[in-house]
Amino acid sequence: MTLSSHPSPTLSMEIRASFELGRTLGNGELIGILEMSRDDLLDYGDEPFDLSFPPVCGVQPSLKVKVASVHACGNEDSELFDSIVDCELARRTDAGHTRFAEYMASEAVSDLNDAVENFQSVLEQCPVGHPDRGAALTNLAWSRLQGYIHNDLEDIDSTTSIFRDALELRSQDHLDHALSLYYLTTALNWRHSKERTVVDIHDSARLCRKLLPLCPEGTYLRRIGVDSAVDYVICTCNNLPTDASDEGIQLRRLVLKLCPPGHQRRPRALNELSRSLNRRFSQRGSIDDIDESIQLRREAVSLCPEGHPNRDTYLNDLAFSLSNYRFSHQGKSEDLDEAISLYEEALRLRPVGHKYCDSSLDNLGGALVDRFNQRGDINDLNRAISLYREALVLRPPGHPTRDTTLNNLALALKTRYDKLDASDDINEAIDLYRESLRLKQHDDSEHHITLLNLSSALSSRFTRTPKNEDVEEAISLCQESLAALPSLHPNRFFSYMRLQEAYLSRYRVQHNPVDLSLAVENFRLASRHPTQGFPLRINGAINWTFAAERHNHASAQEAYKMFFELLDRHLATRSSIVARREAAAAFRHGNALPVDAASCAIRRDSLREAIELVEQGRGQQWSLASRLRTPLEDLKMTHPKLADTFSELSKHISDAQGRAVGADRAAADRAAIEYRRVTEQWDAAVAEIRNVQGFSRFLLPPSYDDLQMAARHGPVIVLIASKYSCNAVIVPKSGEPRHVPFPSLALADLEMLKVNFPRAIRHASHMGPNESRTDLIVLLRRIWDEIMLPIVKVLVHDLKVKPRSRIWLCPTAAFTSIPLHAAHPSRTKADRSGRELSLEDIYIVSYTPTLSALIRARKTMKTRATPSFVAIGQSQPGAGQGTVLATVDSELELVHTLVPPHIKFTSLSGEEATQAGALEALRCNTWVHLACHGKQDREQPYNSRFAMRDKPLTLLDIMQNDTPQAEFAFLSACHTAVGDEETPDEVIHLAAGLQFSGFKSVIGTLWVVDDDVARHVVEAFYTRLFKGLEEEGGMMDCTKAASALNHATYTVKNKVPLEQRIVFVHIGV
C-alpha cells in the first residue's frame, strides 16, 4: 500500500486474507486492523517487522511488513484501488465476510442471514462460466455450513450440493482443488455427525484419500483442520458395523490407506478391514479373504509390542481368524495350535479382574474343543470344560453374556458325552442350555441358536436313553426356530440340519420310514437353502450322502448330485486353479464322493449315470475350468454383453449370500426380495445362454453321450475304488457301458496294494539285473487276476475288441497308485502251449485323467502347427533341487540324432535351461523332451516341479503357460505321473498338468527313473516312433506314441529291469 506524504496522526488499515490460492473474490476475510502513527511506522526504517493477529480457524496469522519512503507518481494506484473497492462483487463479498465474522463472534442469527444474503447476491452475479463462480459458491456454502453447525440453519443438503458444484469447477489442476475437497469433506462429516447417513462417511473417506497427498505435513490446510477431518472419518469408519460387501471392504481399504505405517490408528484400521474380510469369507468361502485377514491381524499384533495396552485385543483377534475361520475351513492343525498359543498369551495379559478375562477363557476353551474334535485328546476337552466353568464364575446371574458361556459349556459337555457316554454330562448340558434359553429374549438375534443346540442335546440323549419326550421336544424346538426366522434367513439352514438330526435319531430307535423320509427332506431343504454360503451347504450335502448310504435310502444319488452341483458353483467363484484346489481340499470328508457316487449308481444299475458322476467329481477343479473357462470365453467372443451380464449377476449372487442376517425383520425382508430378484435374473441369463447355439449345456457337466466321444478310437475303462464296492465300467465306442464287478476286491485290498508296490519297487532297485523280482511279479500277477483279466474277458468276448487295439485306463482313488498297465500273469498256459499273455501283449494301453481331457485333446488336434522339437535337459540343477545327473547331456544328444533331420530341432541345457527358458521353449515348440529331476509335491501338487538351473519349473508355471500348438511331451524325469495326497481322487500331477496346458500326448513316469537305463527306453521309443520319417516331408504323429512306448518296453526287456520298464506310462491321444 502506498501512503500519502501528507502528515497524518494515525494510520488505520484493515488486514484481510483468503485461504484460497487462486483468484480471490473481494478482499478476503477481515483478520485484524492495524492502527499506528505515521511516524512510528517510519521509525522501522528499512528493517521488516512482523504483525500478529488473533487466531483464525486455529491458525495464528502473521504479516511481514517493510516500510520505504518513495515519491508518489500521481494517483493512478489510488484510483485503481478505488475502482476495485467500488466493484459491486467485491463490495458485497466483503460485506458478507464482515457480517459473517460478526456472526462467528456474536452468534447472532441476523448477522448470519445478512452474510448469506450478501454471498447469495454475489453468486447470482456470477453465472456459469464466470471466473469467480467457484469462489462465490464456496463463500455461500461455508457460511451456510457454519450456520448448520451452530444449529441456526437446517438445510445441509443444499449446502453440500453447493460445495460439490464448487469442487466440480476446481478440477485436479486448480490451485484451490485441495481447499474445495476439504470444505466438502467437512460438510459431509458434519451431516454424518448429525444425521448418521452412512453414504456421507463413504464419500468423505474417498475425498480424504484424494486430499491427503495434496496436503503434506506443515501446510496450512493441515493446520486449519484437514487432520481433524480425516481423523473423524477414520474413527467413524472404524465404528461402523461390519460390512462384507465389496463396497464395504473397499471403504475399509480406503481407511487403511488414510492410516499409513506409523499412524496411531493403523492397528484398528487393520483390524476392521480384517473383520470385514472374515465376514465376506463366511459368505463366499474364498480362502484369499481369510489369508489376507490373518496377514492384516499379524501386522496389527506386530504394531502392539509387549506393554502396549491393546496387545491382548489384537492377539485375541488374530487367534480368532486362525481358529474360527481358516482352521474351520482347511483343518490345518498348525493354525489351531498357533491360535491356542495366541489365546493363552492373551489370557496371561487378562488376569482375573481384567474386564475381558471371561472372554479369553471362553475363546481358549472353544479352541481346545476344536483341537479335541480333531485329535481326540481328552485332556484338551477336560481343560476346555474347566476354562468354561471359570468363565461362568466371572459371569454370574445378571451378567449380559452369561448365556454365551452357558451355551459353550453345554456344548463341551455334550461333546464329552458323545465321546465317553457319561450321562451326567448330557444331563448337565441340557440344564445349561435351558438356563441359557431362559436368559434370552424371544427377539434376541441368537435365540434360535440356543433352541437348536438344546434340540441337538435332546436328540443325543434320546439315542442312548430313548425317552420319547426328548425327541418330541427336539423336533418342536427346531420348528420353533424355523417359525422365528424369515424364509430366506441364512440360519434356517441350521434349523433344517438340527431337524434332520432329530428325525434321524428317532428313526434309528423306532425304525419308522416316515422319520427317515422327513430327515431326508430336511437334508434337501438345508442343501438348497439359497442364502446360506456354499461351504456349509456342501458339508450338509456330504452328511446327506453318508446318511442315505448308511440307511440305504433312495435319495443317495440325489444327495451326490447335490454335492457336485454345490461344489461346482462354489469352485466357479474361484479365479485360479490353485484357488479351486484349495477350496475343494477344504471338504476333507468329500474326497471319496466321486467314486462313492459312481458306486451308488452302479449298485442301482445306472451305468450311464455312474460315468457322468465320476467324471463330474473326478478332476473337478480341471474339468470345471474347462467347462467354465472355455464356454465363457467363447460366449464373450460371440455375445459379449450376455457374458458380461452373467459374470456380473454371479458376483451379485455371491455378494447377496448372508445379507438376510439380523434382527431387523424389515431389513431381512428387503434383503430377501433383492436376493430373489438377482437369482431370477441369473436363472434367466443362464436360460438365455443355453438357448444360444452351441451353449445348450452351459455350466452343466457333460452327459454320457458327450463323454462317449472319448472312446471313439478305443474303449475307455473307468476303474472305481469305493468303500462301498470296487468295479470297472467300460465305455465302448457305441452302445451302453459295460459293468465289470470285482467281487473279491475291497478298498482295503487296493490300499494294501498301494502300500506294497513302492516297497517292492524299492526292494527291486537294490537287486542285480539278473535277479528275479519275485515280490513285484506276484503283485503284478494279482493285478492281472483280480482286476485286468475280468476286464480283458469283457473286451475280448463281449465287445470284440481286436488284439493290439488301443485301450485307455481311467483309474480313480487307490487305483491311481497302481501300475495297471503292467498287469502280467507271469505263468505258463494251462495247456503248456506257452506263456500267458500280459495286458500289454494283448492291447496298447494308455491312461487318461478324465474322459473330458481325452475329448478335449482330440478336438485340439484338428489344428496343427509346423512341427518343431525341443530337448530340454538340466544336469546341474540349482541349489536345493537335486544332485548332478551325469547322463542328461548324452541323452539330449541321443534324442537329437533320432529326430528326423527335416524337423526343426533345438536343444536347451546348462545355463540356458532356466525356468523362463523352459517356459519359452514349451510355448514355441510342438514336441518336447524333458530330461531332468522331477519332484512331485504330494501335499501341494501345483508346486510339483522340474529342476532347472535357476529355479524350479512348477506345474503351476506349466498350466498357466500358453501352449496352444503343443502336441507331445516325453518327461524323462521321476514322479511325473503320481497323484495328490489331499485330494487323492484328483489327477493333479506333472504329466496331467502338461496335458491340461495343451499337450495332447504325454509320456510320464510313476516312480524314480534310473537315468543310466532310461536312455535305452528313450532310444527304442524314438526309433520306433520316427520309423519311416527319414524322408523329407514325413510328419511326426503324436497319436503313435502309445504304440511306440509299448514296442520300446518290449524291445529293451533284456537290457532294462522290470521295475524300470513299467515305470513309463502314456497319457492322452
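Residues numbered from 1 in each chain as written. Predicted model: local features only at pLDDT ≥ 70, side-chain atom pairs only at ≥ 80, totals over all residues. Heavy atoms only, no water.

Talk me through the confidence of the model for the protein chain; I want residue IDs and the actual numbers.
Mean pLDDT over the protein chain: 84, with 85% of residues reaching 70 or higher. A low-confidence stretch, residues 657–663 (pLDDT under 50), is modelled with 23 contacts involving residues beyond four sequence positions or located in other chains. (pLDDT = per-residue confidence, 0-100. Contact = heavy atoms within 4.5 Å.)

A description of the sheet that holds strand E14 (residues 945–946) should follow, citing residues and the corresponding values.
Spatial ordering of the open sheet is given by E13-E14-E15, a layout of three strands whose pairing is antiparallel. On the outer flanks of this sheet lie strand E13 (934–935) and strand E15 (953–954), each paired with one strand and no other. Pairing of E14 with E15 involves two bridges; the strand directions are antiparallel. The partner of arginine 945 across the bridge, within E15, is threonine 954. (Pairing = 2+ DSSP bridges. Helix = DSSP H or I, 4+ residues; strand = E, 2+ residues; numbered from the N terminus.)

Quick rundown of helix H14 (residues 333–348)? Include the residues and the values.
For H14, with 16 residues, the first-to-last C-alpha span of 23 Å sits near the 22 Å given by 1.5 Å per residue. Those residues of H14 that sit buried are Asp335, Leu336, Ala339, Ile340, Leu342, Tyr343, Glu345, Ala346 and Leu347. (Expected span 1.5 Å × (residues − 1). Buried < 20%, exposed > 50% of the residue type's maximum accessible area, 1.4 Å probe, protein only.)

So what about the nonpolar core? Which residues, and what values?
Counting residues in each nonpolar core, the largest one holds 288 residues, and the members touching the most others are Ile787, Ile791, Phe869, Phe1021 and Tyr1022. Ranked by residues supplied to this core, first place goes to helix H33 (residues 774–798) with eleven residues. If near-sequence neighbours (up to four positions away) are discounted, tyrosine 1022 is found in contact with Phe869, Val895, Leu898, His929, Phe968 and Phe970. (Core = buried A, V, L, I, M, F, W, Y, C linked by side-chain atoms within 4.5 Å.)

Before we move on, could you go through the packing of helix H10 (residues 246–257) against helix H11 (residues 266–284) and cite the residues and values that matter?
It is the contact of H10 with H11, at a shortest axis distance of 9 Å, that shows an interaxial angle of 160°. One way to sum up the angle between H10 and H11 is to call them roughly antiparallel. Considering the relative orientation of H10 and H11, their crossing is left-handed. Counted together, Asp246, Ile249, Arg252, Arg253, Val255 and Leu256 of H10 and Arg266, Ala269, Leu270, Glu272, Leu273, Ser276, Leu277, Arg280 and Arg284 of H11 form the full contact between these two elements. By residue class, the composition of the contact of H10 with H11 is seven nonpolar, one polar and seven charged. (Axes fitted to C-alpha atoms, helices over the stretch in contact; angles between N-to-C directions. Parallel < 35°, antiparallel > 145°, perpendicular 65-115°, else oblique. Left-handed = near helix turned anticlockwise from the far one by under 90°. Nonpolar A, V, L, I, M, F, W, Y, C, P; charged D, E, K, R; others polar.)

I'd like a description of the pairing of strand E8 (residues 806–811), backed by residues and values.
Within E8, six of the six residues are buried, which leaves the element mostly enclosed by the surrounding structure. Sheet analysis places strand E5 (residues 716–721) next to E8, joined by four bridges and oriented parallel. Of the residues in E8, the one forming a bridge with valine 718 is cysteine 810. Bridging between E8 and strand E9 (residues 844–847) involves four bridges; their strand directions are parallel. Considered in E9, the bridge of isoleucine 807 is made with valine 845.

Any chance you could break down the pairing of strand E7 (residues 738–741) for me, citing the residues and the numbers?
As defined by bridge partners, strand E6 (residues 726–731) adjoins E7 across four bridges and the pair is classed as antiparallel. For valine 729, the partnering residue across the bridge sits in E7 and is histidine 739. Where E6 folds back on E7, the antiparallel hairpin that results is connected by six residues, among which glycine 735 adopts a positive phi of roughly 85°.

Describe in detail the pattern of salt bridges, supporting the description with residues and values.
If charged atoms from side chains of opposite charge come close, those side chains can pair. Summed over the entire model, instances satisfying the criterion amount to 52 salt bridges. A salt bridge links aspartate 289 to arginine 280; the nearest nitrogen and oxygen atoms lie 2.8 Å apart. By relative accessible area, aspartate 289 is classed as buried at 6%. For arginine 280, a relative accessible area of 12% corresponds to the buried category. Each member of the salt-bridge network shares a partner with another, and the members are Arg99, Glu102, Asp111 and Asp114. (Salt bridge = Lys/Arg side-chain N within 4 Å of Asp/Glu carboxyl O.)

So what's going on with the packing of aromatic side chains? Residues and values would help.
Geometrically, a pair of aromatic rings is defined through the distance of the ring centres and the angle of the planes. Under the criterion given, the structure shown has 20 aromatic pairs. Taking the centre distance of 5.7 Å and the plane angle of 40° together, the rings of tyrosine 182 and tyrosine 183 count as tilted. Of the residues examined, tyrosine 182 reaches a relative accessible area of 7% and is grouped as buried. Classification of tyrosine 183 as buried rests on a relative accessible area of 8%. Plain terms: the ring middles of phenylalanine 869 and tryptophan 927 are 6.4 Å apart, the flat faces sit at 35° to each other, and that makes the pair tilted. In this pair, phenylalanine 869 is assigned in strand E10 (residues 868–873) and tryptophan 927 in strand E12 (residues 927–931), connecting sequence segments 58 residues apart. Assessed through its relative accessible area of 0%, phenylalanine 869 is described here as buried. Pairwise contacts between aromatic rings join Phe869, Phe905, Trp927, Phe968, Phe970, Phe1021, Tyr1022, Phe1026 and Phe1064 into one cluster. (Phe/Tyr/Trp six-rings, centres within 6.5 Å; stacked < 30°, edge-to-face > 60°.)

Could you give an account of helix H7 (residues 177–195), with specific residues and numbers?
When the terminal C-alpha atoms of H7 are compared, their 27 Å separation across 19 residues agrees well with the 27 Å that a helix rising 1.5 Å per residue should span. For H7, the buried fraction is high: 15 of the 19 residues fall into the buried class. With its phi angle positive at about 55°, arginine 196 sits one or two positions after the end of H7.

Please set out the environment of alanine 584 residue by residue, giving values where relevant.
Structurally, alanine 584 can be placed in helix H25 (residues 577–585). You can call alanine 584 buried: its relative accessible area is 10%. Through-space distance from the C-alpha of alanine 584 to that of proline 535 is 9.8 Å; in sequence the pair is 49 residues apart.

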